[in-house]
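# Coordinates in review
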Amino acid sequence: YEIVSSLMKLYSSARGLWKGKAYSDSKRNREVSKPCVVFHGTTTPETFYSSLSAESLADGFIGRLLVFPVPNEKPPRQKAAYVEPPASIVDAARWWTDAAGGGYPTAMESQFPNPRLVPTTPEAEAVFDSLVAIADSEQARPEQPGASVWARAEEKALRLALIYACSANRQSPTIDEPAARWASDLVLLLTRR
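Residues numbered from 1 in each chain as written. Predicted model: local features only at pLDDT ≥ 70, side-chain atom pairs only at ≥ 80, totals over all residues. Heavy atoms only, no water.

## Considering the overall build of the protein
On a plain count of helices and strands, the protein comes out with 8 helices and 2 strands. Helices (α) and strands (β) of the protein occur, in sequence order from the N terminus, as α-β-β-α-α-α-α-α-α-α. In terms of overall dimensions, the protein has C-alpha extents of about 55 × 50 × 45 Å along its principal axes. Across the 193 residues in the protein, those meeting the buried criterion constitute 24%. Accessible surface computed for the protein: about 14000 Å², of which carbon and sulfur atoms make up 58%. On the protein, the mean spot of the 22 positive side-chain charges and the mean spot of the 22 negative ones are 8 Å from each other. (Helix = DSSP H or I, 4+ residues; strand = E, 2+ residues; numbered from the N terminus. Buried < 20%, exposed > 50% of the residue type's maximum accessible area, 1.4 Å probe, protein only. Areas by Shrake-Rupley, 256 points an atom, 1.4 Å probe, with all protein chains shown as cover. Lys, Arg positive; Asp, Glu negative; His and termini not counted. Charge placed at Lys NZ, Arg CZ, Asp CG, Glu CD.)

Written out as structure tokens, the structure reads:
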């Protein structure tokens with residue numbers, strides 16, 4: 001329960017300061033400036049869906065997740081030889097490390113990062129406005145169980161569109177209509193499911 005509660009607070013604290021549990025020994029107290037938590041978890045569909053309840057849908061945690069379904073059939077086992085990562089991926093990772101100050105070489109930079117603002121085009125804004133309209137109409141249906149999962153639809157789409165934009169043009173990213181459309185379509189698909 002405490003892990004879920006902390007993840008929910010961290011999810012919504014990207015613009016601020018998150019403080020961990022307070023201890024009398026000040027050396028044990030932790031603060032994270034502008035946290036951006038990504039958690040990747042895998043499980044079986046039976047385990048995941050059996051753990052859901054009306055409360056887990058209503059408390060907002062499930063609404064913060066992107067749940068990707070997988071086929072029920074077990075794929076055949078594959079043995080793959082080690083292959084060096086492509087130079088383009090290594091170069092991109094190196095670029096992002098350098099853009100972040102060479103991996104945050106000083107304590108101050110690592111504790112207080114200076115995020116970059118990525119602009120959004122008016123066309124992308126229109127796509128997000130359409131998504132919000134759909135999410136609002138879904139939330140307004142009280143007879144639908146789990147209507148609260150729509151509360152974070154726009155926020156999830158914005159985050160995905162940011163990843164898309166930074167992947168498409170890392171030096172000068174812009175959230176444009178294709179980024180917004182891809183992100184909104186993915187969020188709609190997963191949330192409806």
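## Digging into the packing of helix α6 (residues 122-139) against helix α8 (residues 177-192)
At a closest axis distance of 8 Å, the pairing of α6 and α8 adopts a crossing angle of 15°. In terms of their interaxial angle, α6 and α8 are classed as roughly parallel. Where α6 crosses over α8, the handedness of that crossing is right-handed. Residues E123, A124, V127, F128, L131 and I134 of α6 pack against E177, A180, R181, S184, L188 and R192 of α8. (Axes fitted to C-alpha atoms, helices over the stretch in contact; angles between N-to-C directions. Parallel < 35°, antiparallel > 145°, perpendicular 65-115°, else oblique. Left-handed = near helix turned anticlockwise from the far one by under 90°. Contact = heavy atoms within 4.5 Å.)

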